[in-house]
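Remarks on the overall topology
Listed below, chain by chain, are the residues.
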Amino acid sequence: MSTTFQLDTSTSRAHPTPQPMRRLTVPEIQRRKAAGKTAQPLVMLTAYTARQAQLLDAHCDMLLVGDSLGQVIYGLPTTLQVTLDMMIAHGAAVVRGSYHSVVIVDMPFGSYEQSPQQAYASAARVMAETGCAAVKLEGGAAMAETIAFLVQRGIPVMGHVGLTPQAVNALGGYGARGRTQLEHEKIVADGQAVQNAGAFAVVIEGVVEPIAVALTQSLEIPTIGIGASAQCDGQVLVTEDMLGMFERVPRFVKRYGTIAETISAAAELYAKEVRERSFPGAEQVYSAE
Ligand code: KIV
């Protein structure tokens, strides 16, 4: 797909001039799975900033403002410290930077679990203050009532089952889920519950592959895998993982770039040129005439 916008760098770095292009909608994403099949898998990546969204937008069907931004952007130990205000600030930036993808914003830990009413108040803020099209929340059967409450009130919800990072303390770590029969059955039941509650799609994270395959075959809504299976109806990765921003590469990540090395090499060259006074050069300084 070609680029959907042009950057007006002469006036501003932050305000691209979009070429006319209609944004995809939540029902269109849901309809991409018809009669149990998705002809072309759905493409989703995380985005946290306007510029990142500008660069990813043309290539994606969905941009997820994931609460993984806590670790990736803020250096927090887990996603549990992420606040609603943080999600709203980054969600609004990603909506401003995109024209094509459906933007989905994660509901952070503590903003929705207490009651459907609490979830509605938080989700309504996210929708109104960011302009996003949907929210994502973690949890299966336990969250079904909440998902139904939001969906019935016009807030599209993407579910998230399997490894749910906000439950890291209860799960005891980030290892793949579903290795016992009991856990396998629970995750499959969670996926069913999320669908029955009205979610338009569901992320399946960090599960043994047969669970992802079973859910993809049995659910009518699209399944979006991360550490799941190529048979899912779509895939998502944290963009910084995919770009090679971090040294550690989890098993489910494939690196499509080496951005850490690029940044490090550029900073090293800049520092060298500053120290030897070869930057700024004649081209970077304003002459008097
Ligand atoms: O927060 C996030 O980035 C996510 C994806 C990993 C699915 O939830």
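Everything numeric in this text was worked out from a predicted model, so none of it was measured. (Residues numbered from 1 in each chain as written. Predicted model: local features only at pLDDT ≥ 70, side-chain atom pairs only at ≥ 80, totals over all residues. Heavy atoms only, no water.)

Some words on the site of the ligand
Let me state the cut-off plainly: One heavy atom within 4 Å of a molecule or strand makes the whole residue count as near it. By the criterion applied in these results, polar contacts are pairs of N or O atoms within 3.5 Å in which, for protein atoms, one can donate a hydrogen and the other can accept it, and in which residues neighboring in sequence qualify only through two side-chain atoms. For every accessible area listed, the method is Shrake-Rupley and the probe measures 1.4 Å; residues are considered covered only by the protein chains on display. The way it works is a 1 Å grid over only the protein atoms, where trapped points that fit a 1.4 Å probe form a cavity and open points with protein on both sides within 12 Å along at least five of seven lines form a pocket, and then any residue with an atom within 4 Å of a point lines it. Molecule-in-pocket calls rest on the fraction of atoms, with more than half required to lie within 2 Å of the cavity or pocket grid points. Gly counts as polar in this scheme, as do all residues outside two lists: the nonpolar Ala, Val, Leu, Ile, Met, Phe, Trp, Tyr, Cys and Pro, and the charged Asp, Glu, Lys and Arg.
Near the ligand, the surroundings consist of T46, L64, G66, D67, S68, D106, K136, H160, V203, I226, V236 and V238. At a separation of 2.5 Å, an oxygen atom of the ligand approaches a polar side-chain atom of S68. Across the complex, the protein chains shield 95% of the 260 Å² of accessible surface that the ligand would expose by itself. The cavity that encloses the ligand is the largest pocket. A breakdown of the residues in the shell around the ligand according to their chemical character gives five nonpolar, four polar and three charged.

Thoughts on the layout of surface pockets
Inclusion rule: Grid points are joined across faces, edges and corners, and a volume is the space filled by probe spheres set on the points. Where helices and strands are cited, they refer to DSSP runs of H or I of at least four residues and of E of at least two residues respectively, numbered from the N terminus.
Computed from the structure, the largest pocket encloses a volume of approximately 1400 Å³. Every residue lining the largest pocket is counted, 48 residues in all, and those nearest its centre are E205, I226, L237, D241 and F252. If you list the elements that add at least two residues to the lining of the largest pocket, you get β5 (42–46), α3 (69–72), β10 (201–205), β11 (223–226), β12 (234–237) and α10 (239–243). With five residues, the top contributor of residues to the lining of the largest pocket is β5. Looking at the lining of the largest pocket residue by residue, the classes come out as 25 nonpolar, twelve polar and eleven charged. As for the second largest pocket, its lining consists of 22 residues, and the residues nearest its centre are G139, G140, T164, A167 and K186. At the level of elements, β9 (157–162), α7 (168–171) and α8 (181–197) are the ones that each hand at least two residues to the lining of the second largest pocket.

All we've got here are geometric facts, nothing functional implied.
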